[in-house]
Amino acid sequence: MSEVKIAAEKRSEFGKGAARRIRRDNKVPGVLYGHGTEPLHLTLPGHELLLALRTPNVLIALDIDGGGNELAIPKSVQRDPLKGFLEHVDLLLVKRGEKVNVEIPVQTEGELAAGGNLLEHVLNALPVEAEATHIPESVTVSVEGLEAGAAVLAKDITLPKGVSLAVEEDTVVLQVLAAQAEEPSEDAAEGGEATEA
């Protein structure tokens, strides 16, 4: 996993008015917390942060006021519901070698058995514990040939070295549902009877 370096500034203004001014400058208000330290209020560059957040569980190297780096991972991201721009971000302070609990996206490969079955993602992301600097971007699960009624449990997923489940082993991650045949509509049934008479 790569680190993304972002310059950040400490902020001393709080409240809605201050947040609006920050966003008008194409920046994003944020909070860095963790390891029992006092929360640190930051202003981050909007475009760089948006690009970094495209990678799930991205490791961000924050250069705060040019005075050294702190490693962080995004914990909570608030977006404008209509326009999609970033409104606020909470960052969790991490150290190299430290284990963190995160959710990694579950991707699938392969084709289900013939018959028009449907694949249901019970979990879109798998809760795992991993070293903060080695969080996998995703896990890939083969669904090749799975038939209706089949399920993939958390324990069935091969995880990279150093990554462990942070969920019960018997948790269903994916399941295959039988395709349901459509029942003929009442109009079609009535129409059929009329032609026979």
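Per chain, residues are indexed from 1 in the order of the written sequence. Reporting of local features is limited, given that this is a predicted model, to residues whose pLDDT is at least 70; pairs of side-chain atoms are given and counted only at 80 or more, and all residues count toward the totals for whole chains, interfaces and linings. Each side-chain value is worked out from all heavy atoms of the structure, with water and hydrogens disregarded.

On to the overall build of the protein chain, then. Within the protein chain, the secondary structure is distributed over 3 helices and 13 strands. Per-residue accessibility, obtained with a 1.4 Å probe over protein chains only, is compared with the maximum for each type, and a residue is labelled buried under 20%, exposed over 50%, and partly exposed between these values. Split into buried and exposed, the 197 residues of the protein chain put 32% on the buried side. Two residues qualify as a contact provided that any one of their heavy atoms is within 4.5 Å of a heavy atom in the partner residue. The contacts of the protein chain with a sequence gap of at least 6 include a subset with a gap of at least 24, amounting to 64%. Every accessible area reported is derived by Shrake-Rupley at a probe size of 1.4 Å, with residue values counting cover from the shown protein chains alone. Looking at the protein chain as shown, the accessible area adds up to about 12000 Å², and 47% of this sits on carbon and sulfur atoms. The secondary structure listing takes helices from DSSP runs of H or I that are at least 4 residues long and strands from runs of E that are at least 2 residues long, numbered from the N terminus.

Looking now at the pairing of strand β13 (residues 172–177). Strand direction decides the pairing type here: strand β8 (residues 118–121) and β13, joined by 4 bridges, are antiparallel. In the sheet register, Glu120 faces β13, and the bridge partner there is Gln175. When DSSP finds two or more bridges between two strands, those strands count as paired. As paired elements, strand β11 (residues 151–153) and β13 share 3 bridges and run antiparallel to each other. Note that in β13 the partner of Ala151 across the bridge is Gln175.

What follows deals with the pattern of salt bridges. Any Lys or Arg side-chain nitrogen found within 4 Å of a carboxyl oxygen on Asp or Glu counts as a salt bridge. Tallying each qualifying case throughout the model produces 2 salt bridges. Linking Glu9 and Lys27 is a salt bridge whose minimum nitrogen-to-oxygen distance equals 3.3 Å. Placement of Glu9 in strand β1 (residues 3–10) and of Lys27 in strand β2 (residues 27–34) is noted, with a sequence separation of 18 residues between them. Judged by relative accessible area, which is 38%, Glu9 ranks as partly exposed. Judged by its relative accessible area of 28%, Lys27 is partly exposed. A salt bridge links Asp170 to Lys155; its shortest N-O distance comes to 3.4 Å. Residue Asp170 is found in the loop between β12 (164–165) and β13, and its partner Lys155 is found in the loop between β11 and β12; the two are separated by 15 residues along the sequence. For Asp170, a relative accessible area of 54% puts it in the exposed group.

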